[in-house]
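Structure at a glance
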Amino acid sequence: MKNPVIFKRYVECLKDILVQSFQDKAICVQFLYGLMVLGLGVLATIALPFLLKKIVDTFSSHASSGFTLVLIGYGLLWTLNQASFHLRALFTYKIEQRITFVLGLKVLSHLFHLSHGYFLDQKPGAITNVIRRAQRDVPAIVLGLFFHVIPTFLEFLGALILISSFYSLKYSISLSCILGAFFVYTALSMKSALKERQIANEVDKAAEGIVVDWLSNHEAVRTFGRWDYALSFCREELQKREQAEVKFISNLSLSRLGQTLILGIGLSLQTFLIGQDVSRGILSVGDFVLFNGYILQFIIPVSILGHVTQDVKKALLDMKGIIEILLTESQIKEAPSPLSLQGESFLIEFKDVSFKYQTYPIFEDVSLKIKPQETALIIGPTGTGKSTFAKLLMRIYDPNHGEILINNTNLKEVSFRSLSNIIGWVPQESYLLNDTIQSNLLFSLPEATTKEIEEALEKASLLEFVRKLPEGLNTFVGDRGLKLSGGEKQRLALARLFLKQPKICIFDEPTSFLDRNTELTIQRNIETYLPHMTKIIITHRPFMFEKADQIITLEKKGILIKFPQTYMQKPFLSSNSTTSHLKFQRHSGDQQC
Ligand SMILES: Nc1ncnc2c1ncn2[C@@H]1O[C@H](COP(=O)(O)OP(=O)(O)OP(=O)(O)O)[C@@H](O)[C@H]1O
Ligand SMILES: [Mg+2]
């Protein structure tokens, strides 16, 4: 954390999380209860050895006044001490879970606002790994500091004050030296343990990313019969993780062994010193018990303190991943005061738009208009940028140069919500949630009624299929919809659009998995049920061809050419075949496919 910007972000991030967690009054009350039992616990810890001394001294002097009271008091204090520890755990657990919740939500909300490009460079497993680790460890920063570090210091300070007020200074000095040596050693040994932790974190993140990736591609693994190949990849990653974790734990265990040795040596020296003074008659047997009590009493919290300090450092390290996510800014930003698009029909305009992926140019100075309620077909060879055209329109990417306007408003000025409200998209590959058919539909219009859902399914030619399913709308579609056929997935994506009824409809190869008859039914339903929408249809098939107001062809060179229908010879469809190609001629006479 040498970088002050990163450090500032750590502090800001922790502050945000704490402020949000403690906004709830119930959590503040838990915290106060925690403080109360903490205070009682500290007092009991300091008082216990004194009571023990009193008991032993009373035994030695055979005095009996108030002895019963002291004996009962000792038992009560011990119970209070132990109970305070467990009660503290109960109260802090609730706070810990709230911090975990707030942290998770904060990161997720940031992630959902990041641009598509960020996710293309990440493995989902690696992202969840970072979140999970931070959620597990970050509460340790807050609670560890508050409920372990501070009380142990208070207890130690209290004991030191008592010892130095009643006994010679040499006892408190020797006690301080033992603990001083312990903490110096802890700080030094922690450095190398934490370096190993950092390496182990990176390895763990990479391993999880790769394993999750292979698991989500299990179909490909199976169809290619490459279990061994997949397993060898996973094995390598898991092995790296095993080695990194073992290295970290060995380092940590050695460091903890060193801590125990220091405390052990300290205890022996102190016992020897006090024992000598008892035999010389300088101290009583009760004093011996008192010192011994303090030392033994401190050894456990101090060694826990050593662990907690290490946990706090480890948690700070785990937070690094979260800070990296929170520091990532979206490449696609919403305007500070975004506009909302109003109206029933929308004009789309590309003005001198240029776009490239990294260094790979897709569009150069493209200008075109798609008028309200028009149907525009986008065709062209594979890889020429048809889907990219749609993504630019939805602001998944921004052009490098030029403007994209809807009703004369630059998309960069429009609010994300407004844009997603007016645009509906049937993507080339359907994105389905691992949930029921109904949930997948409600995703596009949460307030839709069952009747509306059924109507949308009917328009997408899917209602009959859904009705035949034993669970009907409540049928689970499986991971990414793998329990459905390609055509069913596609029609479910179409049903989402029919349900939403957006003012601008983008269909990216919406019927590529459908037979010609179903395709014609869908075509008719689009004409009937989405008549006034501005429609953009990306296709390699004769879909909606006769209905298009304009046909936009993308060429390999990345230049966009507009073909009003009048410029074309009649489309040549090898009509009854599902593998038919679109053919038309440019006005220059070039043949395109
Ligand atoms: N995120 C990305 N980063 C880099 N290159 C990309 C990215 N997305 C797409 N491309 C490349 O840009 C080109 C255009 O992609 P796009 O998906 O728009 O093609 P398409 O015309 O829709 O093709 P198809 O007909 O096969 O669907 C392709 O060569 C593709 O490899
Ligand atoms: Mg495409």
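Please refer to the structure higher up on the page.
The notes below deal with the structure included here. Since the model is a prediction, treat every value here as computed from it, not as a measurement.

1. Some thoughts on the overall build of the protein
In terms of helices and strands, the protein carries 16 helices and twelve strands. Buried residues in the protein amount to 32% of all 593 residues. Within the protein, contacts between residues at least 6 apart in sequence are counted, and of these 78% link residues at least 24 apart.

2. Topic: the pairing of strand S9 (residues 550–554)
Burial within S9 is extensive, with four of its five residues counted as buried. Pairing between strand S3 (residues 375–379) and S9: four bridges, direction parallel. The residue bridging Leu377 from the neighbouring strand is Ile551, located in S9.

3. Remarks on helix H13 (residues 450–459)
Structural remark: α-helix, 3.6 residues per turn; residues separated by three or four positions point the same way. Every buried residue of H13 is accounted for by Ile453, Ala456, Leu457 and Lys459. In an axial view of H13, the angular spread of the buried residues amounts to 160°, which keeps them on one side of the axis. Exposed residues lying more than 90 degrees from the buried face of H13 are Thr450 and Lys451. Of the surrounding elements, those touching the buried residues of H13 are helix H12 (437–442), helix H14 (463–468), helix H15 (486–500) and helix H16 (516–529).

4. As for the sheet that holds strand S1 (residues 348–357)
Strand order in the open sheet made by the four strands is S2-S1-S4-S5, with antiparallel pairing throughout. Since the sheet does not close on itself, it has two edges, and those belong to strand S2 (360–370) and strand S5 (409–410), each with one partner. Inspection of the sheet shows S1 paired to S2 by seven bridges, in the antiparallel sense. Looking at S2, one finds that Tyr357 is bridged to Tyr360. Sitting on the sheet, helix H10 (residues 386–393) touches S1, S2 and strand S4 (401–406), and the angle it makes with S1 is about 115°.

5. Focus: unusual backbone geometry
Not every positive phi belongs to a glycine, and Asp365 is a case in point at roughly 45°. Positionally, Asp365 belongs in strand S2. We classify Asp365 as partly exposed; it has 13 C-beta atoms within 10 Å. Of note in this structure, Arg395 is not a glycine but carries a positive phi near 60°. By the element assignment, Arg395 lies in the loop between H10 and S4.

6. Here's the deal with the site of ligand 1
As a matter of local geometry, ligand 1 sits amid Leu120, Tyr357, Tyr360, Ile362, Thr382, Gly383, Thr384, Gly385, Lys386, Ser387, Thr388 and Gln428. Put simply, the parts of the chain that give the shell around ligand 1 at least two residues each are S2 and H10. Considering every element that reaches the shell around ligand 1, the biggest residue donor is H10, with three residues. Of the residues that constitute the shell around ligand 1, the class distribution is four nonpolar, seven polar and one charged.

7. Comments concerning helix H3 (residues 67–112)
If you check H3, its first and last C-alpha atoms are 67 Å apart, about what 46 residues at 1.5 Å a residue would give, namely 68 Å. Within H3 the residues assigned to the buried category are Leu77, Ser84, Arg88, Phe91, Thr92, Ile95, Arg98, Ile99, Val102, Leu103 and Val107.

8. Considerations on the packing of helix H2 (residues 25–61) against H3
The N-to-C vectors of H2 and H3 enclose an angle of 155°; their axes lie 7 Å apart at closest approach. Relative to H3, the element H2 lies roughly antiparallel. Once H2 is placed against H3, the crossing between them reads as left-handed. A per-class count over the contact of H2 with H3 returns 23 nonpolar, nine polar and four charged.

9. Points about the nonpolar core
It is characteristic of soluble globular proteins that their nonpolar side chains tend to be buried jointly. Core analysis: the largest hydrophobic core is formed by 62 residues, its most contacted members being Leu377, Ile378, Ala495 and Ile506. Every residue in contact with Ile378, bar those within four places of it in the chain, is listed here: Lys386, Phe389, Ile536, Ile537, Ile538, Ile552 and Leu554.

10. Focus on the environment of Phe22
Looking at where Phe22 falls in the secondary structure, it is placed in the loop between helix H1 (4–21) and H2. Look at Phe22 and you get partly exposed, because 16 C-beta atoms sit within 10 Å. In contact with Phe22, other than residues within four places in its own chain, are Ile27 and Cys28.

11. Some thoughts on the environment of Phe416
Inspection of the secondary structure assignment puts Phe416 in helix H11 (residues 416–422). Put simply, Phe416 and Glu334 are 82 residues apart on the chain and 6.7 Å apart in space, counted from C-alpha to C-alpha.

12. Re the packing of helix H6 (residues 169–216) against helix H8 (residues 227–279)
For the pair H6 and H8, the least separation of the axes is 8 Å and the interaxial angle reads 170°. With respect to each other, H6 and H8 are oriented roughly antiparallel. Partitioned by chemical class, the residues of the contact of H6 with H8 number 25 nonpolar, ten polar and eight charged.

13. Some words on the pairing of S4
Sheet topology note: the S1/S4 ladder contains five bridges and is antiparallel. Counterpart to Lys351 in the pairing with S4 is Glu403. The pairing of S4 with S5 spans two bridges and is antiparallel. The residue bridging Ile406 from the neighbouring strand is Thr409, located in S5.

How each quantity is defined
- Residues numbered from 1 in each chain as written.
- Chains lettered and ligands numbered in written order.
- Predicted model: local features only at pLDDT ≥ 70, side-chain atom pairs only at ≥ 80, totals over all residues.
- Helix = DSSP H or I, 4+ residues; strand = E, 2+ residues; numbered from the N terminus.
- Buried ≥ 20, exposed ≤ 12 C-beta atoms within 10 Å, placed from the backbone.
- Contact = placed C-beta atoms within 7 Å.
- Pairing = 2+ DSSP bridges.
- Arc of directions from axis to C-beta.
- Axes fitted to C-alpha atoms, helices over the stretch in contact; angles between N-to-C directions.
- Near = placed C-beta within 6 Å.
- Nonpolar A, V, L, I, M, F, W, Y, C, P; charged D, E, K, R; others polar.
- Expected span 1.5 Å × (residues − 1).
- Parallel < 35°, antiparallel > 145°, perpendicular 65-115°, else oblique.
- Left-handed = near helix turned anticlockwise from the far one by under 90°.
- Core = buried A, V, L, I, M, F, W, Y, C linked by C-beta atoms within 7 Å.

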